[in-house]
Amino acid sequence: ALCAVQLEWDAESVHANATDRYRLAVGRYAFDRDVLGQHGAPTAGSVLLARADVERLLKAMPKPSARDRAGWQAHVVPVGATVEVSWSEYGYNGGMLVLAAMDAQFPKWRTLIPTDDALSEGSMPLVVNPAYLADVAKLAPSKNAPVRIRTSAASRPAVLDYPSTADDASVVQWLYLLMPVRI
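Colleague: I would appreciate a short explanation of the overall build of the chain in the present structure.
Modeller: Helix and strand counts for the chain come out as three helices and eleven strands. Element order for the chain, N to C, with α for helix and β for strand: β-β-β-α-β-α-β-β-β-β-α-β-β-β. Here the chain holds 183 residues, and 30% of them are scored as buried. The contacts in the chain between residues at least 6 apart in sequence include a share of 54% that link residues at least 24 apart.

Shown next as structure tokens:
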């Protein structure tokens, strides 16, 4: 099971990263340029949160519809060994949670992703856990979105993602690494 989530942000986007040794899920959300212009770009940072805390946070935060996203904001502020996460809708305070930051090191996940020129689509057999493939289907940005599966070698992880479209500016973009099963 995925036991921790790393939140990592810079002036352009925020990444949510999780791994369990057999798979790595990376979600990327690009900041809205108009909102950044009003509030200023955030300074770069990262924090590691326990899975239970992330689940608690997701249950507490509102689930904005696509039309409400324009007025919805979340703020993540590291404060010593804790992280304050607050959210608001159209300027009204929505809530806040204080979560304990984990004192651990998340894997250097960017080094695990093969370069695009090392990847090819559909050129070699791939044996993977079917339950993990079902998890990838849950990440689709829209119903019936095609997933792209690329490989570099039989013993290396497969890279699964949903190709970007012009409509993806307000959608989380997912990248999923899946280790092959040895048979």
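Now that the structure has been shown, we can carry on.
Colleague: For this particular structure, what's the right way to read the layout of surface pockets?
Modeller: To locate leftover empty space, one rolls a probe as large as a water molecule over the atoms. Here the second largest pocket is characterised by a volume of approximately 260 Å³. Around the second largest pocket sit 18 residues that line it, and Gln6, Ser46, Val47, Leu48 and Ala104 are the ones nearest its centre. Examining the composition of the lining of the second largest pocket, we find that three residues originate from one element, strand β4 (residues 45-50), more than from any other. Tallied by class, residues from the lining of the second largest pocket come to ten nonpolar, five polar and three charged.

Colleague: What's the story with empty space enclosed by the protein in this structure? I'm lost.
Modeller: Using the criterion set out here, one finds two cavities of 30 Å³ or more in the structure. There is about 30 Å³ of room inside the second largest cavity. Residue lining of the second largest cavity: Val136, Leu139, Val147, Leu160, Asp161, Tyr162, Trp174, Leu175 and Tyr176, and that is the complete set. Only β10 (158-161) and β11 (173-178) provide two or more residues apiece to the lining of the second largest cavity. With three residues, the single largest contributor to the lining of the second largest cavity is β11. Its residues placed into classes, the lining of the second largest cavity shows eight nonpolar, no polar and one charged.

Colleague: Just checking my understanding: could you explain the nonpolar core for this structure?
Modeller: Across soluble globular proteins, nonpolar side chains have a tendency to be buried as a group. In terms of nonpolar packing, the biggest core is built from 14 residues, with Leu7, Val47, Leu49, Leu57, Val85, Trp87 and Leu99 touching the most fellow members. Elements represented by at least two residues in this core include exactly β1 (4-9), β4, α2 (51-60), β6 (82-89) and β7 (92-100). Excluding residues within four positions of it along the chain, leucine 49 makes contact with Cys3, Ala4, Val5, Leu7, Val54, Val83, Leu99, Ala100, Ala101 and Met102.

Calculation rules
Residues numbered from 1 in each chain as written. Predicted model: local features only at pLDDT ≥ 70, side-chain atom pairs only at ≥ 80, totals over all residues. Heavy atoms only, no water. Helix = DSSP H or I, 4+ residues; strand = E, 2+ residues; numbered from the N terminus. Buried < 20%, exposed > 50% of the residue type's maximum accessible area, 1.4 Å probe, protein only. Contact = heavy atoms within 4.5 Å. 1 Å grid on protein atoms, 1.4 Å probe; cavity = no way out; pocket = protein on both sides within 12 Å on 5 of 7 lines; lining within 4 Å. Points joined across faces, edges and corners; volume = space filled by probe spheres on them. Nonpolar A, V, L, I, M, F, W, Y, C, P; charged D, E, K, R; others polar. Core = buried A, V, L, I, M, F, W, Y, C linked by side-chain atoms within 4.5 Å.

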